[in-house]
Each structure stands twice: as C-alpha cells, then as structure tokens.
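# A look at the structure
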Amino acid sequence: MLAYRTLFRIDRVFGFTSRCFQSKPESFSILSFRGSEKSAMDGFKKQKMVNLVWRPISTQSSSILAEAGNEVQEVAQCSKSSDVSEEDIKGGVNETASVVSAGKHSVSLEVGASLIKFIRGKEGTTHMKLEEEMGVKIILPSSRNEDYISIEGGSVECVTKASERIATIVDEVVRSPSLDYSHFVSLPLAIHPELVDKLVNFQNSILGNHSIASDKLDDQANRATTSVAVDLKANSETNKVNVDIKSIPIVSYPPKAKSKSSTLLDLGIEKSIFIKPSTFHLTVVMLKLWNKDRVNAARDVLKSISPSVMDALDNKPVFIRLKGLDCMRGPLAKTRVLYAPVEEIGDEGRLLRACQVITDAFVKAGLVLEKDAKQSLKLHVTVMNARHRKRRKNNKKKMETFDAREIHEQFGNEDWGEYLIREAHLSQRFMFDQNGYYRCCASLPFPGEQRA
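The structure displayed is predicted, hence computed values, not measured ones.

In terms of helices and strands, the protein chain carries 15 helices and 16 strands. Here the protein chain holds 452 residues, and the buried ones make up 44% of them. Looking at the protein chain alone, contacts between residues at least 24 apart form 76% of all its contacts between residues at least 6 apart. Accessible area of the protein chain: about 25600 Å², with a carbon and sulfur share of 49%.

Let us look at the pattern of salt bridges. Tallied over the entire structure, the rule returns 15 salt bridges. A salt bridge links Asp180 to Arg429; the shortest N-O distance between them is 3.0 Å. Here Asp180 is found in the loop between helix H8 (156–174) and strand S6 (183–188), whereas its partner Arg429 is found in strand S15 (residues 423–432), with 249 residues between them in sequence. Linking Asp314 and Arg353 is a salt bridge whose minimum nitrogen-to-oxygen distance equals 3.8 Å. With Asp314 in the loop between helix H12 (306–312) and strand S10 (319–323) and Arg353 in helix H13 (residues 350–364), this pair connects stretches of sequence that are 39 residues apart. If you follow the salt bridges from partner to partner, you end up with Asp180, Arg387 and Arg429 in one network.

Let us look at the environment of Leu189. Relative to the helices and strands, Leu189 resides in the loop between S6 and helix H9 (193–207). By relative accessible area, which is 0% here, Leu189 ends up buried. Each C-alpha atom, one on Leu189 and one on Pro277, is 9.1 Å from the other, the two residues being 88 residues apart in sequence. With residues near it in sequence (within four places) discarded, Leu189 still touches Leu195, Phe280, His281, Leu282, Ile320, Leu322, Val381 and Ile421.

As a further point, take the environment of Pro341. When you line up the elements, Pro341 lands in strand S12 (residues 337–344). Looking at Pro341, the relative accessible area reads 30%, which means it is partly exposed. Leaving out residues up to four positions away in the same chain, Pro341 has contacts with Arg321, Leu322, Lys323, Gly324, Leu325 and Asp326.

The next subject is the packing of helix H7 (residues 125–134) against H8. Packing of H7 against H8 brings their axes to within 10 Å, and their N-to-C directions diverge by 145°. In the crossing of H7 with H8, the sense of the turn from one axis to the other is right-handed. Along its contact with H7, which presents Thr126, Leu130, Glu133 and Met134, the element H8 presents Cys158, Lys161, Ala162, Arg165, Ile166 and Ile169. Split into classes, the residues belonging to the contact of H7 with H8 amount to 6 nonpolar, 1 polar and 3 charged.

This part takes up H9. A rise of 1.5 Å per residue sets the reference length of H9, with its 15 residues, at 21 Å; its end C-alpha atoms lie 21 Å apart and thus fit the reference within 8%. Listed as buried for H9 are Leu195, Val196, Leu199, Phe202, Gln203, Ile206 and Leu207. An end-on view of H9 places all buried positions within 120° of arc, on one side of the element. Exposed side of H9, more than 90 degrees from the buried face: Pro193 and Asn201 are the residues found there. Positive backbone phi, at 65°, marks Gly208, one or two positions downstream of H9.

Here the focus is the pairing of strand S16 (residues 438–445). As defined by bridge partners, S15 adjoins S16 across 7 bridges and the pair is classed as antiparallel. The residue of S16 that forms the bridge with Ala424 is Leu444.

The subject of this paragraph is the nonpolar core. The nonpolar side chains of soluble globular proteins are, as a tendency, buried together. Counting 67 residues, the largest nonpolar core has Phe202, Phe280, Phe362 and Met384 as its most contacted members. Ranked by size, the runner-up nonpolar core spans 24 residues in total, among them Val111, Leu140, Val174 and Leu179.

With that settled, the discussion passes to the packing of aromatic side chains. According to the stated counting rule, one finds 6 aromatic pairs in the structure shown. Ring geometry for Phe184 and Tyr438: centres 5.1 Å apart, planes at 85°, overall edge-to-face. Taken as a pair, Phe184 in strand S6 and Tyr438 in strand S16 lie far apart in primary sequence, 254 residues in all. These aromatic residues form a ring-pair network of at least three members: Phe184, Phe432, Tyr437 and Tyr438. Seen from the ring of Tyr181, Lys288 lies directly overhead, with NZ or CZ sitting 5.3 Å from the centre.

Our next topic: the sheet that holds strand S9 (residues 281–287). An order of S9-S6-S15-S16 is seen for the 4 strands of this open sheet, with the pairing classed as antiparallel. Since the sheet does not close on itself, it has two edges, and those belong to S9 and S16, each with one partner. Here the strands of the sheet are splayed against their neighbours by 25° on average, with no regard to which way each runs. As paired elements, S6 and S15 share 4 bridges and run antiparallel to each other.

Criteria and cut-off values
Residues numbered from 1 in each chain as written. Predicted model: local features only at pLDDT ≥ 70, side-chain atom pairs only at ≥ 80, totals over all residues. Heavy atoms only, no water. Helix = DSSP H or I, 4+ residues; strand = E, 2+ residues; numbered from the N terminus. Buried < 20%, exposed > 50% of the residue type's maximum accessible area, 1.4 Å probe, protein only. Contact = heavy atoms within 4.5 Å. Areas by Shrake-Rupley, 256 points an atom, 1.4 Å probe, with all protein chains shown as cover. Salt bridge = Lys/Arg side-chain N within 4 Å of Asp/Glu carboxyl O. Axes fitted to C-alpha atoms, helices over the stretch in contact; angles between N-to-C directions. Left-handed = near helix turned anticlockwise from the far one by under 90°. Nonpolar A, V, L, I, M, F, W, Y, C, P; charged D, E, K, R; others polar. Expected span 1.5 Å × (residues − 1). Arc of directions from axis to C-beta. Pairing = 2+ DSSP bridges. Core = buried A, V, L, I, M, F, W, Y, C linked by side-chain atoms within 4.5 Å. Phe/Tyr/Trp six-rings, centres within 6.5 Å; stacked < 30°, edge-to-face > 60°. Lys NZ or Arg CZ within 6 Å of the ring centre and 35° of its normal.

Structural data, given as structure tokens:
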C-alpha cells in the first residue's frame, strides 16, 4: 500500500497524470510522470517545469508485491479527486512496486543542468538547508551536463515535500532574471557577406586603429621654461650675507592630449558593446529552455509549423531593407541599445505574420514566459548593446549606457542594403558554429527563389 500512496501523493502535488510506461521485464522499473498527450502540441503545453521519474532503490520488494493486490481498490478510491484513473493504477501495479524498499523512498527529478546551481546555492547553502528542513538526502549531479537530481528519504511525506519545495524554487528562478535566456528564434542576416563587410567598416570607423593612451609621456609635448634660483650664504667674518643668483631650467608638462580611444571610453563606447558581425540577426522570440526535454520540444514546434509559416509568407520570398539607426527607448545621450530599423520590401506585412505564427506556436507549447508572450514584436537589428559591456578591473560598476549622438549624426541615415530572409533558426545563445553564428538546434527554410 505504501508504494501506491507515494505515487498518488507526488502526482497530486505536481498535477501529473500517472500514466505508466511499461519497461522490459528484466530491467528496473521506472515510472515517468508526464501529462497525457492528445496531440504533440497539447503535450508541450501541459509540460511542467520539473519532471518526476521514480527509480528503484532495490529490486527486493516481494513483501510489497504480496500486498499490492489487496490495496488497489483503496488507492482507486483515493484517486477519485485527481486525474488518475483506476485503469492507470491497475496498469502500473507491477511497475511501481519496486520504487519503495525497506522503508526507503527515492525520486529522481529532471531539473535541468542550468538550474542545478540554484538548488545548490552559494557554497551549497541552499542544498544543505533543504536537506536539514525536509529531512531528506538530495544527491546533486557531479557533471554540469546532467539534468537529474535524486531525493531519498525515510518517509513519503519528506520526499514529497522536498520535491514540492524544489519545484517552487525552479518556478521562481525561471520567472526571474537570475536565469538568462538560453535560446531564441532568429532570422540570420550574417549569411550575407556584403552586410557583414558594412558592419565591420562601421565598427572600424568608430573605434579606429587607436589604442588606449599609455602612461608614457610624449617628449614633443614637453615644454621647458626658465626660472631663478637664489643661493644665500652667510659670511662670518663680515657678518654679511652673500647672494648668488642662478638661472636654471625647470621642465613643466602640459596636460596630456587624449587619444581617440580614451575619448570613446568617456562616451561609454568600446569594442565589447558592438554586436559581432558574424552573429548579425533578427530576433523573433526569446526562450528559456533549461533541459533537454524543452529543447527537443522547441525543435519539434519549429519543424511542425513549416506549412503555416509558408502560408503566412504566401509561399513567396521576403526581402527586408535596413536603413538608418535609432535607439531603443530614452535619449541618444543615454543609449542602451542602438539598432537598425527593419522595413519589409513591398510593405505587405508577410514577414510579421510569419513571425507571429512562430511566436504563437511556441506560446501554445508552453515554451515562452508569460511576460514575453504579452509583448508585441518589433523587428529590429541590434548593432550595439551596452549590456554586452565587459567590466574592467578598475571599474566597480559597468556603465549601463553610452552616448550615441555622434554615431547617430554620422550614420543616422545609413543605407545598409536589402537582404533576403532565407530561414529561421532555433539558436542557442553563448554557443557558436564554425561560421561564427549561434549554434543552430533546428531550422525552418523560407521561400528562397530570387526576385525577377
């Protein structure tokens, strides 16, 4: 009976249906709690942030097996208030019996490699606190690439409460800025060499070839002046003072002229805030995919919507024009993001419709945060972003803005050219392919024939 109550309680806490997946008779039994799927898209939507997978501690569970047949009816009555059907429970009797053995209970949670550090906490404080308060042992993976943690306890209640607490921590972290976006849907523009060349020239024209001024003095800037020195000596015999006046050169140094680079630093402009030309792109939607299941779900979504995207594009190629520069909110003197506005050639709105189809599909699959789902899409191509600034050793705090007034004066009407949108990528941030662009996890081709 203990084993079935364990399963029911975890299922009730996390809202899963306990549909059992049969394993091979000679292998350990594993019960995976996941939402039942009427379709692939509905399944993505119902997917929870933490997936629970019960794993056996021991295969010696004959005593529980002997009691199992007498307890099915009682468990079925307990499950009437949940989504677990009597058929589900009966079908999982043999598979779930080996979960509990000798009074021990164990559950494996698929948390996600990027979230393990939040369960561990600073110097392991969160990990230790959870174990102490919940009365369980939490086993964290030794590898940074592993997604699962294990919880072991002497009672069902302890394991259940610990699982619930971890699910709450994960939910809070995912919705906070503490967990950065891991992926995004992009429309690559770095595939156009002529645009990359223009961006390289743009950056070089601003940064120039000057290096930060060194501490060495420029000898040509030194200026020598003449001064007077007076030497007084007392004569003991005559009781008089002898005065000796000498002219000596005194060297003074005028204020050192600033180089172009040091002036740029005063404006908050440095190389690190420029977007790398090899990663130039349009962003459709940002995603937090913290485990392999969510990455795979995102791949499936992108592949499944190809017909809908083609319909939105009228099965015709779409071209854009990039012209000018503008800042994202606020004055140019305190710019956070400088971007090139995007204009669809023909002004038919086909590209925006296609992007909306993509965004809606990911929202429906439950892969987009609620706050991001509510934002309206504004297509733009970022060229400078103060958030990318590298902190210098002598600066305690990074500058959050830069002065873009002179850049805007020079490039505010720049014509960057017209370009074909060839495909959409599920791109992984902070990881790059051999061509320098973000790692492509999946792609969706757009109509590619050239204009007449």
